[in-house]
Amino acid sequence: KITPQVGDTWRAGELVLKMRGEMKYLYALMDDETRFWIAQEVARTKFTADVRPLFASGKRIAGKRPKVLITDGAYNFHEAYMKELRTNRCTTPKHVQDIRMDGIPHNNKMERLNGEVRDREKVVRGLKRTDTPILTGCQIFHNYVRPHMSLEGKTPAELAGIKVEGENKWLTLIQNASRARRS
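Notes on the structure follow. (Residues numbered from 1 in each chain as written. Predicted model: local features only at pLDDT ≥ 70, side-chain atom pairs only at ≥ 80, totals over all residues. Heavy atoms only, no water.)

### Here we look at the packing of helix H3 (residues 108-123) against helix H4 (residues 133-145)
Thinking step 1. Running from N to C, H3 and H4 point in directions that differ by 130°, and their axes come no closer than 11 Å. It follows from the interaxial angle that H3 and H4 lie oblique. Judged by the sense of rotation from one axis to the other, the crossing of H3 with H4 is right-handed. Facing Leu113, Glu116, Val117 and Arg120 of H3, the residues of H4 in contact are Ile134, Leu135, Cys138 and His142.
Thinking step 2. Each residue belonging to the contact of H3 with H4 can be placed in one class, and the counts come to five nonpolar, one polar and two charged. (Axes fitted to C-alpha atoms, helices over the stretch in contact; angles between N-to-C directions. Helix = DSSP H or I, 4+ residues; strand = E, 2+ residues; numbered from the N terminus. Parallel < 35°, antiparallel > 145°, perpendicular 65-115°, else oblique. Left-handed = near helix turned anticlockwise from the far one by under 90°. Contact = heavy atoms within 4.5 Å. Nonpolar A, V, L, I, M, F, W, Y, C, P; charged D, E, K, R; others polar.)

### Details of the packing of aromatic side chains
Geometry of an aromatic ring pair is reported as the spacing of the ring centres plus the angle between the planes.
Thinking step 1. Summed over the entire model, instances satisfying the criterion amount to three aromatic pairs.
Thinking step 2. The interplanar angle of 80° and the centroid separation of 5.6 Å between the aromatic rings of Tyr27 and Phe77 together place this pair among those described as edge-to-face. Of this pair, Tyr27 sits in strand E2 (residues 22-31) while Phe77 is found in helix H2 (residues 75-85), placing the two residues 50 residues apart along the sequence. No difference in accessibility class separates Tyr27 from Phe77, as the two residues are buried.
Thinking step 3. Between Phe36 and Tyr144 the ring centres are 6.1 Å apart and the planes differ by 85°, which places this aromatic pair in the edge-to-face class. Within this pair, whereas Phe36 is found in the loop between E2 and strand E3 (37-43), its partner Tyr144 is found in helix H4, the two being separated by 108 residues in sequence.
Thinking step 4. Judged by relative accessible area, Tyr144 falls into the buried class, the value being 17%.
Thinking step 5. Ring pairing ties together the aromatic residues Tyr27, Phe55 and Phe77, which thus form one cluster. (Phe/Tyr/Trp six-rings, centres within 6.5 Å; stacked < 30°, edge-to-face > 60°. Buried < 20%, exposed > 50% of the residue type's maximum accessible area, 1.4 Å probe, protein only.)

See the structure below:
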């Protein structure tokens with residue numbers, strides 16, 4: 001089991017995808033410091049989708065709660081934050097939600113991740129299923145393979161303290177991702 005050493009500020013966002021002619025929404029959770037793509041979920045609706053499972057999955061994968069959550073103004077993010085991340089007993093994470101592309105704070109890092117997914121979606125000419133392995137492949141590629149200029153040529157996994165070695169490292173990563181997605 002791989003636990004990424006992510007920071008205390010997380011970003012969440014949604015991306016509209018077309019699957020067999022229907023609009024679906026990819027909700028993703030990313031660490032701000034390492035750019036590690038923590039979790040994802042595909043939903044049928046945008047503003048009424050329950051994204052609590054996304055935040056629960058993020059807590060389980062990272063082994064902690066964020067201290068700051070940055071999202072756009074969608075109400076379902078705030079509702080999930082209130083039910084899944086906010087607690088009465090310990091420090092409550094701060095939710096920054098009224099952001100703009102050109103304002104401060106902004107969610108441009110999350111929009112860049114959305115652009116990566118969009119680039120792949122165009123090449124494969126749309127996705128066919130909500131549980132498509134293409135999204136898991138995008139997540140693996142983003143976290144473990146693709147060096148990022150903003151991370152000085154390192155991958156998010158390297159910054160998150162994950163080192164994968166060996167002859168079959170990519171096979172191991174894919175198997176682990178498939179197992180985690182099923183659970």
